[in-house]
Amino acid sequence: MTNLPYTREHEIFRKSVQKFLEIEAAPYFNEWEENKCIPKSFWKKLGEQGYLCPWVDEKYGGLGTDFYYSVILYEEFEKIGSGMSGIGLHSDIVIPYIDSFANEEQKQRWLPLCLNGDSISAIAMTEPGAGSDLAAIKTTARKDGDKYIINGEKTFITNGYTADLVIVVCKTDPHANPPHKGISLFVVEEGTPGFTKGAKLNKIGQHANDTCELIFDNVRVSKDNLLGEEGKGFYYLMQKLQQERLLCALGGIVSAEEMLKMTVSYTTQRSAFGKSISQFQNTQFELAEMATEIKIGRTFVDDLIVKHVNGQNVVTEVSMAKWWVTDLAKKTASRCMQLHGGYGYMEEYEIARKYRDLAVTSIYAGTNEIMKVIIAKNMGL
Ligand SMILES: Cc1cc2nc3c(=O)[nH]c(=O)nc-3n(C[C@H](O)[C@H](O)[C@H](O)COP(=O)(O)OP(=O)(O)OC[C@H]3O[C@@H](n4cnc5c(N)ncnc54)[C@H](O)[C@@H]3O)c2cc1C
């Protein structure tokens, strides 16, 4: 379905990922959804295969691959279920911060473990009182000699429960003007005194992605846990959000493609009034419209992937894709569920899970309203 410039090596890689997931993920996915988390043993297997952060430099244990390999992994995880997106979050959203902003000693310390599956990562920006308005966060990191003392609470953190290291967005200067200039990023490791995790949150979908609250109560971290420069955290976040939102749009379009396939299959098999449901003009028009919209979305996302690979600044276009494609995926879920009739509302049918899983895609990675705020701002409004 894609038009990306894949080579033979990419295609071979995709086949091996598919085969691996067919054996190691698909049979267990329902169990992971019930347990509300993916077991660490699976992360280890991913690490052994080189499927975690394959793009990282070979000197840290990576394969030094291009972004298309990440796209392939992200797509294949999404096909198993949106509850696997926490793996893509680790590989292509969190670890890029360490790769770009950590010093050599920090990279040697963290990257190999994040690549072999020993360390699962998360990024903690959102707080109970601040999500969209990131500059309003209350978590502080106060300097104390050569240490920082972190206090605050984060919520809705993907991979939070299993995470071994978390990038925590903190205020190092709560009085900075403008406020975003006082933000810094810290890596907090599991087991650091004062760092605790709440229970796994009870979400309506994406169950296999564990999500939880993180509490920081006088957590003392060394200055060696500061990522990059103090006060630059907000700029670092802005630099990395393009890739995060692009992957979010990619997840949306892959899900939409999958839902269309399953609905074509269902409507050709199910009959009513002596013919298959797919013979009704309404069904055909619905499927034809969805196929058209999905094709438009795929073309847009693929174009942005190529531009992203080429190093272009496509923040505005990625914001467009994030809101438009995730909205499309949610609408597609609803239309496909309708074409499944009552069975579509039953848990045994994949479309029911997709309907629940996709609901959040317009909320996380920056809400769709915030995407429009960014677009409008970049239009000079
Ligand atoms: C399943 C899940 C996983 C998540 N994973 C992570 C994670 O790993 N790390 C992390 O840090 N966060 C994570 N989040 C948090 C997520 O990024 C936030 O929920 C999101 O940014 C919105 O923030 P909020 O919930 O505080 O909503 P609010 O900011 O309170 O927004 C509420 C509503 O007001 C609207 N709104 C706010 N400001 C404006 C504005 N200026 N103009 C127009 N409308 C506006 C919003 O669009 C939204 O509709 C996750 C959330 C969920 C549900």
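Since the structure is predicted, the reported quantities are computational estimates derived from the model, not experimental observations. (Residues numbered from 1 in each chain as written. Predicted model: local features only at pLDDT ≥ 70, side-chain atom pairs only at ≥ 80, totals over all residues. Heavy atoms only, no water.)

Caption draft 1: The arrangement of the pattern of salt bridges in detail. One pass over the structure, following the stated rule, counts 25 salt bridges. Put simply, Arg14, Glu75, Glu76, Lys79, Glu257, Arg298 and Asp302 are held in one network by salt bridges that share partners. (Salt bridge = Lys/Arg side-chain N within 4 Å of Asp/Glu carboxyl O.)

Caption draft 2: Broad picture of the site of the ligand. For the ligand, the set of nearby residues contains 18 residues, the closest of which are Met125, Thr126, Ser132, Thr367 and Glu369. Between threonine 158 and the ligand, the recorded distance is 2.8 Å, taken from a side-chain N or O atom to a nitrogen atom. Protein contacts shield 64% of the accessible area of the ligand, which totals 970 Å² for the unbound molecule. The class makeup of the residues in the shell around the ligand is 11 nonpolar, 5 polar and 2 charged. (Near = heavy atom within 4 Å. Polar contact = N/O pair within 3.5 Å; in protein donor to acceptor, adjacent residues only side chain to side chain. Areas by Shrake-Rupley, 256 points an atom, 1.4 Å probe, with all protein chains shown as cover. Nonpolar A, V, L, I, M, F, W, Y, C, P; charged D, E, K, R; others polar.)

Caption draft 3: Layout of a nonpolar patch on the surface. Together, Tyr343, Tyr345 and Met346 give the surface a local cluster of nonpolar side chains, amounting to about 360 Å² of exposed area. Topologically, tyrosine 343 is positioned in the loop between helix H9 (315-339) and helix H10 (350-358). (Patch = residues over 30% accessible without salt bridge, like charges linked within 9 Å, V, L, I, M, F, W, Y side chains within 5 Å. Helix = DSSP H or I, 4+ residues; strand = E, 2+ residues; numbered from the N terminus.)

Caption draft 4: Representation of the packing of aromatic side chains within the structure. Applying the stated rule across the entire model yields 14 aromatic pairs. Centroid distance phenylalanine 13 to tyrosine 69: 4.9 Å. Interplanar angle 75°. Geometry classified as edge-to-face. With a gap of 56 residues between them, phenylalanine 13 in helix H1 (residues 8-24) and tyrosine 69 in helix H4 (residues 67-80) connect regions that are remote in the sequence. Assessed through its relative accessible area of 14%, tyrosine 69 is described here as buried. Ring centres 6.2 Å apart and planes at 50° place the aromatic pair tyrosine 97 and phenylalanine 101 in the tilted group. Within this pair, tyrosine 97 and its partner phenylalanine 101 are both found in helix H5 (residues 85-101), separated by 4 residues, close to a single helical turn. For the residue pair tyrosine 97 and phenylalanine 101, the accessibility class agrees, reading buried in each case. Taken together, the ring pairs connect Phe13, Phe20, Tyr28, Phe29, Trp32, Phe42, Tyr51 and Tyr69 into an aromatic cluster. In this arrangement the basic side chain of lysine 372 is found over the ring face of tryptophan 323, its NZ or CZ atom lying 4.4 Å from the centre. (Phe/Tyr/Trp six-rings, centres within 6.5 Å; stacked < 30°, edge-to-face > 60°. Buried < 20%, exposed > 50% of the residue type's maximum accessible area, 1.4 Å probe, protein only. Lys NZ or Arg CZ within 6 Å of the ring centre and 35° of its normal.)

Caption draft 5: Region of the structure containing the layout of surface pockets. By volume, the second largest pocket amounts to about 310 Å³. The set of elements that each furnish at least two residues to the lining of the second largest pocket consists of H4, H5, helix H7 (233-269) and helix H8 (281-309). Residue contributions to the lining of the second largest pocket peak at 5 residues, all from H5. (1 Å grid on protein atoms, 1.4 Å probe; cavity = no way out; pocket = protein on both sides within 12 Å on 5 of 7 lines; lining within 4 Å. Points joined across faces, edges and corners; volume = space filled by probe spheres on them.)

Caption draft 6: Representation of the domain arrangement of the protein in the model. With domains assigned, the protein is organised as domain 1 (8-119), domain 2 (123-231) and domain 3 (235-378). The straight-line distance from the C-alpha centre of domain 1 to that of domain 2 is 23 Å. Each partner contributes residues to the interface: domain 1 has 28 residues there, and domain 2 has 23 residues. Contact with domain 2 buries surface across domain 1, with Lys36, Tyr97 and Trp110 losing the most and accounting together for 27% of the total. For the pair domain 1 and domain 2, the interface holds 2 salt bridges. Residue glutamate 189 is joined to arginine 109 by a salt bridge in which the shortest nitrogen-to-oxygen separation is 3.1 Å. (Domains from an automatic or database assignment. Contact = heavy atoms within 4.5 Å. Buried area = accessible area lost by both parts, 1.4 Å probe.)

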